[in-house]
Amino acid sequence: MPYLREHPINYPIVIGNPSLVKPYRVDSMPVTLLLDRQGNVADWHIGMVDKDTWELEIRQLLDEKF
């Protein structure tokens, strides 16, 4: 993954494969899934998403009581 070597990311990256289709209902790629603390899909976006959108969604999840 040349991109990841050049642009380190501090969160898990999963390369899509058929085993992800059913549990996460992935029907398009590229897709980015945002998982909550229980591992449930809290949000998802197909294609590119701007940083401000993700930051807002992540902050909302971090503020939730668990």
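You'll find the structure just up there.
Residues numbered from 1 in each chain as written. Predicted model: local features only at pLDDT ≥ 70, side-chain atom pairs only at ≥ 80, totals over all residues. Heavy atoms only, no water.

**Student:** Please set out the overall build of the chain residue by residue, giving values where relevant.
**Tutor:** When you go through the chain residue by residue, the secondary structure sums to three helices and two strands. Its helices and strands taken in sequence order, the chain reads α-α-β-β-α from the N to the C terminus. Seen through its principal axes, the chain has C-alpha atoms that stretch 35 × 30 × 15 Å. Taken over 66 residues, the chain has a buried fraction of 11%. Across the chain, contacts joining residues at least 24 apart in sequence account for 18% of those joining residues at least 6 apart. Taken as a whole, the chain presents about 6,000 Å² of accessible surface, with 57% of it coming from carbon and sulfur. Computed over 7 positive and 10 negative side-chain charges, the separation of the two mean positions in the chain equals 7 Å. (Helix = DSSP H or I, 4+ residues; strand = E, 2+ residues; numbered from the N terminus. Buried < 20%, exposed > 50% of the residue type's maximum accessible area, 1.4 Å probe, protein only. Contact = heavy atoms within 4.5 Å. Areas by Shrake-Rupley, 256 points an atom, 1.4 Å probe, with all protein chains shown as cover. Lys, Arg positive; Asp, Glu negative; His and termini not counted. Charge placed at Lys NZ, Arg CZ, Asp CG, Glu CD.)

**Student:** Help me get a handle on the pattern of salt bridges, residues and values and all.
**Tutor:** Taken as a whole, this structure holds one salt bridge when the rule is applied. Its salt-bridge partner being Arg-59, residue Glu-55 comes within 3.1 Å of it at the nearest N-O pair. Of this pair, Glu-55 and Arg-59 both sit in helix α3 (residues 51–63), four residues apart, which is roughly one turn of the helix. (Salt bridge = Lys/Arg side-chain N within 4 Å of Asp/Glu carboxyl O.)

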